[in-house]
Amino acid sequence: MALALLASDFITKQIALTHFSGTDPTETLGGLLKFTLVFNSGGAFSIGEGETWFFTTVKMMVVVLMLVVSPRIRTPLWAVSFGLVIAGAAGNLVDRLFRDPSPWEGRVVDWIQLPHWPVFNLADCGVVCGSALVMWASTRGIRLDGTRASEAPTEPGGTEQTAEGRDQ
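1. Concerning the overall build of the protein chain
Here is step 1: Broken down by element type, the protein chain carries 4 helices and 3 strands.
Here is step 2: Long-range contacts, defined here as pairs at least 24 residues apart, represent 56% of the contacts in the protein chain between residues at least 6 apart.
Here is step 3: Summing over all exposed atoms, the protein chain offers an accessible surface of approximately 10,000 Å²; the carbon and sulfur share of this is 65%.

2. Let's talk about the packing of helix H2 (residues 52-69) against helix H3 (residues 76-98)
Here is step 1: Running from N to C, H2 and H3 cross one another at 145°; their axes reach a closest spacing of 9 Å. Read as a crossing pair, H2 and H3 show a hand that is left-handed. Residues Thr52, Phe55, Thr56, Lys59, Met60, Val62, Val63, Met66, Leu67 and Val69 of H2 pack against Phe82, Val85, Ile86, Ala89, Ala90, Asn92, Leu93, Arg96 and Leu97 of H3.

3. Observations concerning H2
Here is step 1: Helix length check: H2, at 18 residues, gives a terminal C-alpha distance of 26 Å against a target of 26 Å (1.5 Å per residue), a fit within 8%.
Here is step 2: By the burial criterion, the buried members of H2 are Thr52, Phe55, Thr56, Val63, Met66 and Val69.
Here is step 3: Turning to H2, the residues buried within the fold contact H3.

4. Some details on the environment of Val38
Here is step 1: Within the secondary structure layout, Val38 lies in strand S2 (residues 33-40).
Here is step 2: Residues Val38 and Asn121, 83 residues apart in the sequence, show an inter-C-alpha distance of 9.9 Å.
Here is step 3: The residues contacting Val38, other than those within four sequence positions of it, are Val108, Val109, Asp110 and Val119.

5. Some points on the packing of aromatic side chains
Here is step 1: All chains considered together, the criterion is met by 6 aromatic pairs.
Here is step 2: Their ring planes at 20° and their centres at 6.2 Å tell us that Phe20 and Trp111 sit as a pair that is stacked. Placement of Phe20 in the loop between helix H1 (2-19) and strand S1 (26-28) and of Trp111 in strand S3 (residues 108-113) is noted, with a sequence separation of 91 residues between them.
Here is step 3: Take Phe20: its relative accessible area is 17%, and that puts it in the buried class.
Here is step 4: You can call Trp111 buried: its relative accessible area is 9%.
Here is step 5: Where Trp78 meets Phe82, the ring centres are 6.0 Å apart and the plane angle is 70°; that geometry is what we call edge-to-face.

6. Observations regarding the nonpolar core
Here is step 1: Core analysis: the largest hydrophobic core is formed by 13 residues, its most contacted members being Val63, Met66, Ile73, Trp78, Phe82, Ile86 and Leu144.
Here is step 2: Of all the elements in the fold, those that place two or more residues in this core are H2 and H3.
Here is step 3: When residues of this core are assigned to their parent elements, the largest contribution, 6 residues, is made by H3.
Here is step 4: Leu33, Phe35, Leu37 and Trp111 belong to the second-largest nonpolar core, a separate cluster that totals 9 residues.

7. Re the state of the cysteines
Here is step 1: Within the structure shown, the criterion is met by 0 disulfides.
Here is step 2: Unpaired in this structure, Cys125 has its nearest cysteine sulfur neighbour in Cys129, at a distance of 6.1 Å.

8. Brief notes about the sheet that holds S3
Here is step 1: Pairing within the open sheet is antiparallel, and its 3 strands lie in the order S1-S2-S3. The sheet is open, and its two edges are formed by S1 and S3, each paired on a single side. Taken pair by pair, the neighbouring strands of this sheet meet at an average axis angle of 25°, ignoring direction.
Here is step 2: In this sheet, S2 lies alongside S1 in antiparallel orientation, the contact comprising 3 bridges. Bridging from a neighbouring strand, Glu27 pairs with Lys34 of S2.

9. Section: the side chain of Thr75
Here is step 1: Looking at where Thr75 falls in the secondary structure, it is placed in the loop between H2 and H3.
Here is step 2: Every residue in contact with Thr75, bar those within four places of it in the chain, is listed here: Arg143, Leu144 and Gly146.

Conventions we followed
- Residues numbered from 1 in each chain as written.
- Predicted model: local features only at pLDDT ≥ 70, side-chain atom pairs only at ≥ 80, totals over all residues.
- Heavy atoms only, no water.
- Helix = DSSP H or I, 4+ residues; strand = E, 2+ residues; numbered from the N terminus.
- Contact = heavy atoms within 4.5 Å.
- Areas by Shrake-Rupley, 256 points an atom, 1.4 Å probe, with all protein chains shown as cover.
- Axes fitted to C-alpha atoms, helices over the stretch in contact; angles between N-to-C directions.
- Left-handed = near helix turned anticlockwise from the far one by under 90°.
- Expected span 1.5 Å × (residues − 1).
- Buried < 20%, exposed > 50% of the residue type's maximum accessible area, 1.4 Å probe, protein only.
- Phe/Tyr/Trp six-rings, centres within 6.5 Å; stacked < 30°, edge-to-face > 60°.
- Core = buried A, V, L, I, M, F, W, Y, C linked by side-chain atoms within 4.5 Å.
- Disulfide = S-S within 2.5 Å.
- Pairing = 2+ DSSP bridges.

Laid out in structure tokens, this is it:
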């Protein structure tokens, strides 16, 4: 899933660079959806413009941390969540590392615009949707291994453990 989203983000950004303009948006669905080319040096909602190095560093740390934790995932819900966030962060990280004006200072290519909402891209959708799934799973008490927080963890031999770690 992560590779599919990452590839889709890259391909659609290339299409946007070729076919869309920041000064002459392409409208569709009666103006509900516009394709407007924007180069974002800040974070979400263009917050922190000029601090591109910070967002590059944070995205890199998020991707590395999630890749380190991901082998513990044993449920499709967490796999999808992590895949979406990793792909989204990596998609925008590629822009930050390799686009103008320079490495670590690159601007993210945004191109999707809805009414009363900032311009965004598919990587942003992945981060938002994946993060929403992470929050939902967390509030439901669903752990990476698929158990619920209310369930007592079991050892590999099948014995339950108490909070103190003694066999029951």
